[in-house]
Amino acid sequence: MSSYKLLTPGPLTTTEKVKREMLIDRCTWDDDYKNVTQVIRKQLLDLAQVDESEYTAVLMQGSGSFIVESVLTTAIGEEDKVLILANGAYGERIVEMAEVLKLQHVVYSVPYDEQPSLLEVQALLEKDPSITHVAVVHCETTTGILNPIKEIGEVVHSFNKTFIVDAMSSFGGVPMDLSGLYIDFCISSANKCIQGVPGFGFVIAKTEVLEKCNGQARSVALDLYNQWEVMKKDGKWRFTSPTHVVAAFAKALEELLEEGGIRARYERYAKNNHLLRSRLSALGFKAYITEELQSPIITTFLFPHKEFSFEHFYHEMKKAGFVIYPGKLTDVDTFRVGNIGDIHEEDMLALCEVIENYMVVKNNEN
Ligand SMILES: *Cc1c(COP(=O)(O)O)cnc(C)c1O
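Just so it is clear, the structure is predicted and the values come from calculations on it, not from any experiment. (Residues numbered from 1 in each chain as written. Predicted model: local features only at pLDDT ≥ 70, side-chain atom pairs only at ≥ 80, totals over all residues. Heavy atoms only, no water.)

The subject of this paragraph is the sheet that holds strand E14 (residues 334–338). Taking strand neighbours across the sheet as the criterion, the 3 strands line up as E11-E14-E13 in an open arrangement whose pairing is antiparallel. Of all strands in the sheet, those bounded by a partner on one side alone are strand E11 (298–302) and strand E13 (325–326). With 2 bridges joining them, E13 and E14 adopt antiparallel strand pairing. Among the inter-strand pairings, Pro326 is bridged to a residue of E14, identified as Phe335. (Pairing = 2+ DSSP bridges. Helix = DSSP H or I, 4+ residues; strand = E, 2+ residues; numbered from the N terminus.)

Here it is as structure tokens:
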């Protein structure tokens, strides 16, 4: 298999040092390993700019969706009702989970290229006082749109509801102060902006809210409360822990701090995203999301013309050492390019040059 840089939103390109951590087999019962978990939990709170007296971090096995489902089943009781804001596939996945889990829910669907309206959120909460929770995706990876969680959080807080945020593709790459955002459950995973490998996710939860969730989960494996009960004591995971992934994640956290923290990482992502958007725009690639709503995480581009073959383009990019992502929209033909991972300005410049050459060759053929 030839190696390439992943310009996809997870799994993503990781550093050599992160990968190297996985060459050691670790014992889940050993104090050294349990301590790795405890250090990670503490570092996650620091990254979220919250204090141990108010918030707690819980790690959970599985891909990101497992963690979202674990929060939904643990936090939302039978008497509760969740308002779900959906402007992409990940918001819709929350709706699907709510249906399967038989949670009482209300859906506010928004076109994929628009943010939810604050007035509408407010109106929905006013109209239905039985709503107890609000769930939203921060960066909708489907398109790359960034949702206004600060403003939504203010509305949710003013109605005194529990706020669940799927910050899967933004946490660690976009500065967030959880308590200032009124977030009660913030969900992310190892293989996104922290730049680890896939295998587990984490929740940063307001402790007093999580404390009330005992016995509520309709799942054994995904019971976030029980996971927390066991883990908070000394860092022991319930069930098999993804030891190699956890060790790699600990290294990835170290590297995030070395880079200068979330602010510095955000700036690298944003700079690369801006570079990509502007160079591709000059070649006739229009971005699906306007610049003001665009996250620095991933960008959706429309096909430049009807004859454009994504297949051909994809294979030429792969040959040149870059793997891009197909689009996820049904009404327009698109593809996506991610900015997260161990990707630097020289990679972006090289990618843009490859795309420029591709377009020159294609234009000459026509
Ligand atoms: C990646 C991602 C998820 C989780 O997807 P998995 O494939 O289960 O890891 C959930 N929400 C968002 C916004 C994501 O970007």
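That shown, we press on.
Under the UniProt annotation, the feature "domain: Aminotransferase class V" (unreviewed entry) is placed at residues 41–304. The straight-line gap between the two end C-alpha atoms of residues 41–304 is 45 Å; of that span, 40% is helix and 19% is strand. (UniProt positions renumbered as here; feature names shortened; annotations may be inferred.)

Of the pockets and cavities examined, the largest pocket occupies roughly 360 Å³. The wall of the largest pocket is formed by 20 residues, among which Lys161, Thr162, Asp184, Val209 and Lys212 lie closest to the centre. Of the residues assigned to the lining of the largest pocket, the class counts are 7 nonpolar, 6 polar and 7 charged. Reported here for the second largest pocket is a volume of approximately 310 Å³. Within the residue set of the lining of the second largest pocket, elements represented by two or more residues are helix H3 (64–75) and helix H4 (89–100). Per-element accounting of the lining of the second largest pocket gives the leading share, 4 residues, to H4. Across the lining of the second largest pocket, the residue classes break down as 11 nonpolar, 9 polar and 3 charged. (1 Å grid on protein atoms, 1.4 Å probe; cavity = no way out; pocket = protein on both sides within 12 Å on 5 of 7 lines; lining within 4 Å. Points joined across faces, edges and corners; volume = space filled by probe spheres on them. Nonpolar A, V, L, I, M, F, W, Y, C, P; charged D, E, K, R; others polar.)

Turning our eyes to something else, we now look at the UniProt feature "modified residue: N6-(pyridoxal phosphate)lysine" (unreviewed entry) in the protein chain. UniProt annotation of "modified residue: N6-(pyridoxal phosphate)lysine" (unreviewed entry) refers to Lys192 when read in the numbering used here. Tracing the backbone shows Lys192 in the loop between strand E9 (185–189) and strand E10 (200–206). Classification of Lys192 by relative accessible area gives buried; the value is 10%. Setting aside residues up to four positions removed in sequence, Lys192 forms contacts with Pro9, Leu12, Met168, Ser169 and Ile340. (Buried < 20%, exposed > 50% of the residue type's maximum accessible area, 1.4 Å probe, protein only. Contact = heavy atoms within 4.5 Å.)

Moving on, we come to the side chain of Thr74. Inspection of the secondary structure puts Thr74 in helix H3. Here Thr74 falls in the buried class, since its relative accessible area comes to 1%. Polar side-chain contacts of Thr74 include one of 2.6 Å to the backbone oxygen of Ser70. Non-local contacts of Thr74, meaning those with residues more than four positions away in its chain, are made with Cys213, Gln216, Ala217, Leu222, Asp223, Leu224 and Tyr225. (Polar contact = N/O pair within 3.5 Å; in protein donor to acceptor, adjacent residues only side chain to side chain.)

This part is about the pattern of salt bridges. Under the definition given, this model contains 17 salt bridges. For the salt bridge of Lys271 with Glu345, the shortest nitrogen-to-oxygen distance reads 3.3 Å. Of the two residues, Lys271 sits in helix H10 (residues 261–282) while Glu345 sits in helix H12 (residues 345–365), which places them 74 residues apart along the sequence. The exposure class assigned to Glu345 is partly exposed, which follows from its relative accessible area of 35%. Notably, a salt bridge pairs Lys319 with Glu316, separated by 2.9 Å at the nearest N-O pair. With Lys319 and Glu316 both in helix H11 (residues 310–319) and 3 residues apart, this pair spans about one turn of that helix. Of the residues examined, Lys319 reaches a relative accessible area of 66% and is grouped as exposed. Take Glu316: its relative accessible area is 27%, and that puts it in the partly exposed class. Salt bridges linked by common partners bring Asp31, Lys34 and Asp234 together as one network. (Salt bridge = Lys/Arg side-chain N within 4 Å of Asp/Glu carboxyl O.)

Turning to the nonpolar core, a few remarks are in order. In terms of nonpolar packing, the biggest core is built from 81 residues, with Leu44, Phe171, Phe185, Ile194 and Ile204 touching the most fellow members. Counting residues per element, this core draws most heavily on helix H9 (residues 243–259), at 7 residues. Beyond its immediate sequence surroundings of up to four residues, Leu44 is in contact with Ala57, Leu59, Phe171, Ile194, Phe202, Ile204, Phe249 and Leu253. Membership of the second largest hydrophobic core comes to 22 residues, among which are Phe308, Ile324, Leu351 and Cys352. (Core = buried A, V, L, I, M, F, W, Y, C linked by side-chain atoms within 4.5 Å.)

Let us now look at the site of the ligand. By nearness alone, every residue bordering the ligand is listed as Ser63, Gly64, Ser65, Tyr90, Arg93, Val137, Cys139, Thr141, Asp166, Met168, Ser169 and Lys192. Between the ligand and Ser63, the relevant distance is 2.5 Å, taken from an oxygen atom to a side-chain nitrogen or oxygen of the residue. At 2.6 Å from an oxygen atom of the ligand is found a side-chain nitrogen or oxygen belonging to Ser65. Starting from 380 Å² of accessible surface for the ligand in isolation, the protein chains cover 85%. (Near = heavy atom within 4 Å. Areas by Shrake-Rupley, 256 points an atom, 1.4 Å probe, with all protein chains shown as cover.)

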